[in-house]
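What the coordinates show
Letter by letter, the chains look like this.
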Amino acid sequence: MRLLGIDTASWYMDYEGQKLMEGLFQYIILGFMTLGFGWGYYCQRFEQTIYVTLGGVALAFLICLPPWPMYRRHPIKWLKRHPKQKSAPETS
Amino acid sequence: MHSALTRGNAIFSLGFTCVALATFLCAVTTVFENPSPVVSVNIHNPFVRNQQQYHRWSQRFDRAYFTFDLNAGTCMPVTANVVASCTTVRLRFTGSQAVNQIIVWDKIMRRDIDDPRISLRDMKLKYPFYDDAHGLRGNNITLSLHWNVVPVAGLLPRNSEGHVTIKLDDQYA
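Residues numbered from 1 in each chain as written. Chains lettered and ligands numbered in written order. Predicted model: local features only at pLDDT ≥ 70, side-chain atom pairs only at ≥ 80, totals over all residues. Heavy atoms only, no water.

**Describing the nonpolar core**
- By size, the foremost hydrophobic cluster in this structure holds 29 residues, and its most contacted members are Phe66, Phe68, Leu70, Phe129 and Leu143 of chain B.
- Of all the elements in the fold, those that place two or more residues in this core are strand E1 (39-53), strand E2 (56-72), strand E3 (84-93), strand E4 (101-110), strand E5 (118-123) and strand E7 (140-150) of chain B.
- Not counting residues within four places of it along the chain, the set of residues in contact with phenylalanine 66 of chain B comprises Ile43, His44, Asn45, Pro46, Leu91, Met123, Lys124, Leu125, Phe129, Ile141 and Leu143 of chain B.
- Core analysis: the second largest hydrophobic core is formed by 13 residues, Ala60 and Cys64 of chain A together with Ile11 and Ala22 of chain B among them. (Core = buried A, V, L, I, M, F, W, Y, C linked by side-chain atoms within 4.5 Å. Buried < 20%, exposed > 50% of the residue type's maximum accessible area, 1.4 Å probe, protein only. Helix = DSSP H or I, 4+ residues; strand = E, 2+ residues; numbered from the N terminus. Contact = heavy atoms within 4.5 Å.)

Here it is in structure tokens:
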């Protein structure tokens, strides 16, 4: 499948990479929100909290959306095709 | 399955859940805040006249005049959860209706732009003080400062302070 001129298969992460990404973006966004709330409370400006939280979201998009090499270190090892089997068994 | 769109959706939804959560926490920080500034109000030279109203020329109504002094400390706390303060000076009087209340002066004080304190001296009424009939002579009027602190999120508290009551003259001036 192609989306915006990019083959979506090339944006695929392996299973270990998916696990890493899930943990990473949650830590980034929640961390930035906590930081932003603290900073906003310190200077008593709520818009600062929003800016820092949205900055965290932008960073999470940058780090977790593209399939960086660190998410593709554990490729799935498929089994080799059985030599006796000429073609895939038909499903009814 | 775990495509770029799925990941984007997960990041986006968690991000905006966090924005909503931060807004809620911001609202929580001012729940127990209750500003109680020192407000002093004085009324000068009250008198009552029997006058034509602008839009009803055939009849005459009671109209009262006075000037007032108002000094108030900061009735708008400069905290994260504040946008502005809508301040009104309200007049409650015994008149021809069951409840008579009008606004005689008002101001919207924006955070960081306007001075959160009020200092008025010999202020004339910004809006005219008419009764609907002839119910002003010899009656009590009560002047007080009311304000709403408009929050970013959360409750809109209604505060009032500095009630002062005087009695109007029995005679038309």
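**Some thoughts on the UniProt feature "transmembrane region" (unreviewed entry) in chain A**
Residues and elements named next belong to chain A.
- Within this numbering scheme, the UniProt entry marks residues 20-42 and 48-71 as carrying the feature "transmembrane region" (unreviewed entry).
- For residues 20-42, the helix share is 100%, the strand share is 0%, and the end-to-end C-alpha distance is 33 Å.
- Across residues 48-71, helical content stands at 71% and strand content at 0%; the span's end C-alpha atoms are separated by 32 Å. (UniProt positions renumbered as here; feature names shortened; annotations may be inferred.)

**As for unusual backbone geometry**
- The backbone of glutamine 44 of chain A shows a phi angle near 55°, a positive value even though the residue is not glycine.
- Locating glutamine 44 of chain A in the fold gives a position in the loop between helix H1 (15-43) and helix H2 (46-64).
- Residue asparagine 45 of chain B is not a glycine yet carries a positive backbone phi of 45°.
- The residue asparagine 45 of chain B is located in strand E1 in this model.
- On the basis of relative accessible area, asparagine 45 of chain B is assigned to the exposed category, the value being 55%.

**Some details on the sheet that holds E3 of chain B**
Residues and elements named next belong to chain B.
- With respect to topology, 4 strands assemble into an open sheet ordered E4-E3-E7-E8, the strand pairing being antiparallel. The sheet is open, and its two borders are formed by E4 and strand E8 (158-167), each paired with just one other strand. Looking at each pair of strands side by side, their axes are set apart by 15° on average, direction ignored.
- Two strands pair when backbone bridges link them, and E3 and E4 are joined in this way by 9 bridges, in the antiparallel orientation. Its bridge partner lying in E4, alanine 84 is registered against arginine 110. (Pairing = 2+ DSSP bridges. Axes fitted to C-alpha atoms, helices over the stretch in contact; angles between N-to-C directions.)

**Quick word on the packing of H2 of chain A against helix H1 (residues 4-29) of chain B**
- Taken N-terminus to C-terminus, the directions of H2 of chain A and H1 of chain B make an angle of 165°; their axes are 10 Å apart at the nearest point. Judged on the interaxial angle alone, H1 of chain B and H2 of chain A are roughly antiparallel. Along this stretch, H2 of chain A crosses H1 of chain B, giving a crossing that reads as right-handed. Listed contacts from H1 of chain B to Phe46, Thr49, Ile50, Thr53, Leu54, Val57, Ala60, Phe61 and Cys64 of chain A of H2 of chain A are Arg7, Gly8, Ile11, Phe12, Gly15, Phe16, Cys18, Val19, Ala22, Thr23 and Cys26 of chain B.
- Residue composition of the contact of H2 of chain A with H1 of chain B, grouped by class: 14 nonpolar, 5 polar and 1 charged. (Parallel < 35°, antiparallel > 145°, perpendicular 65-115°, else oblique. Left-handed = near helix turned anticlockwise from the far one by under 90°. Nonpolar A, V, L, I, M, F, W, Y, C, P; charged D, E, K, R; others polar.)

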